[in-house]
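Each chain, written out:
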Amino acid sequence: MKPTMMDVAARAGVSQATVSLVLNSSARARLSASTRKKVREAAEELGYRLVRRTTKRSPAESKTIGFVVDELTTDPWMPMAFEGAREKALEHGVTMTLAVLRGDDDLERQALEQLGRQSVLGLILGTMLTRRLDPPPLVFDLPAVLVNCYDPGRKLPSILPGELVGGRTATQRLIDAGRRRIGLINGQDGLDATRDRLRGYRQALASNDLPFDPALVFPGNWEPSAGYEGTRQMMALADPPDAFFCANDMMAVGCYDALKEMGKRIPEDVSVVGFDNREIAQFMRPPLTTLILPHYEMGAMAAEMLLDMAGGLQNGHDQIKVECTLLDRESV
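Residues numbered from 1 in each chain as written. Predicted model: local features only at pLDDT ≥ 70, side-chain atom pairs only at ≥ 80, totals over all residues. Heavy atoms only, no water.

Any chance you could explain the sheet that holds strand β2 (residues 95-100) here in plain terms?
By way of backbone hydrogen bonds, the strands of a sheet pair with one another, either parallel or antiparallel. The parallel open sheet is built from six strands, whose spatial order is β2-β1-β3-β4-β5-β11. Strand pairing shows two members of the sheet lacking a second neighbour, β2 and β11 (319-322), which therefore form its edges. Across the sheet, the mean angle from the axis of one strand to that of its neighbour is 20°, orientation sign disregarded. Contacts between helix α4 (residues 77-90) and the sheet are confined to β1 (64-69), β2, β3 (122-132) and β4 (144-150), with β1 contributing the most and set at about 175° to the helix. (Pairing = 2+ DSSP bridges. Helix = DSSP H or I, 4+ residues; strand = E, 2+ residues; numbered from the N terminus. Axes fitted to C-alpha atoms, helices over the stretch in contact; angles between N-to-C directions. Contact = heavy atoms within 4.5 Å.)

How do you make sense of the confidence of the model for the protein when you look at a structure like this?
Caution is warranted with low-pLDDT regions, since their predicted coordinates should not be read in detail. For the protein, the mean per-residue pLDDT works out to 89, and 92% of the residues sit at or above 70. Below pLDDT 50 for its whole length, residues 53-60 participates in 19 contacts with residues either more than four positions away or in separate chains. (pLDDT = per-residue confidence, 0-100.)

Honestly, the pattern of salt bridges in this entry has me stumped. Any pointers?
Oppositely charged side chains are able to pair whenever their charged atoms sit close together. Under the defined criterion, the tally for this structure stands at 18 salt bridges. When the shortest N-O distance is used, the salt bridge between R154 and D318 registers 3.6 Å. One end of the pair, R154, is in the loop between β4 and β5 (158-161); the other, D318, is in the loop between α10 (295-310) and β11, with 164 residues separating them in the sequence. We classify R154 as partly exposed; its relative accessible area is 38%. Connected via shared salt-bridge partners are D192, R195, D196 and R199. (Salt bridge = Lys/Arg side-chain N within 4 Å of Asp/Glu carboxyl O. Buried < 20%, exposed > 50% of the residue type's maximum accessible area, 1.4 Å probe, protein only.)

Here it is in C-alpha cells:
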C-alpha cells in the first residue's frame, strides 16, 4: 500500500498537521529546523510524495468537488479532511471548492444551490464533531459522501473514525503495560465519540477479566480543566488509578498537571494515554502516547469514493470506519 500522511506522522512522532505544513513548505509555520528535518526524513524513508500536480485524468467531465463543512477553525479535523480530499482529487485532475456554513441554514441553502449550478462532480459533507446529520434535500440530488457524520436512514455513504476500537486500543495498551486500575476521563455527554470511546474502554476491561468500576469514569468536557479535576477526584479514592485513559489530548494536559502537583511520576507511578494526536502531545513531558484521528485519510477516501461513483462504479458501503492508529510515546 502507498504510504499516507498518517504513516509519516507516526514515523516522525508528530501530528498530521505538522507533516502537512512541512511538506507544503509553509514559511509561516513556527516549526523548528529539527522538526522539519525529522518529517522530511520520515517521508523519504517511507517513500511518501505530496501530490502537487495532476497525474491522472478525471473519470467525469466535471473537474470540481464541493467540500461543505459546518466549522473549519475551532479544531484541526476538518482542515485535515479537506487536505486529504484535495490531494486525492489532484491525482485525478479535480479541484476542490470549500464552503463553511457554521450552522447557518440560509447560507447552507445558498451554498448548495450555487454548487449545484456549477455542475460539481459531487459533494463531501463534513462535521467537526462526529454526529448524526440530516442533510438538506438538495444533497440527495448529487453524488455525496459524508465525513465524520452519518444520515439517519443511511441513504448516503459515510466515513467515520473507529472510535470504539480506538477506545479499546488505548485501554489495552495500558493493560499490556501491567496497569489494572484504569481511570477514564471521558468527553462531553451525548456525543458519539464519548459513547464509543467508553464502549471500547469497557470492552478492553471485559476482555481482560478486569471489573468495570463506575468510580473510575469521570464525565469531562474535552478541556484541560476536566482532565485536572477528574484526575484529582479519582486519585483521592481509597484505591486510586495506576493509569488514565483521557478521551482527548487536551484533557491529558490537565491530567499531567494534577499528577505532577501530587508528586506522581509519569509513567513510573501512573501511565497516561490520550486520544486525537493534537500538536501539543509531542511536546508534553513526557511526550504523550495517543491515538491518531484519521481525518486526513477519511477525506482522501471520500474523494476517491466520489471519483469512483462518477466513473460509474457502484458504492457497496453505507458506512466505513477508519482505524485510529496508536502512536506510542513515553507516557506508558
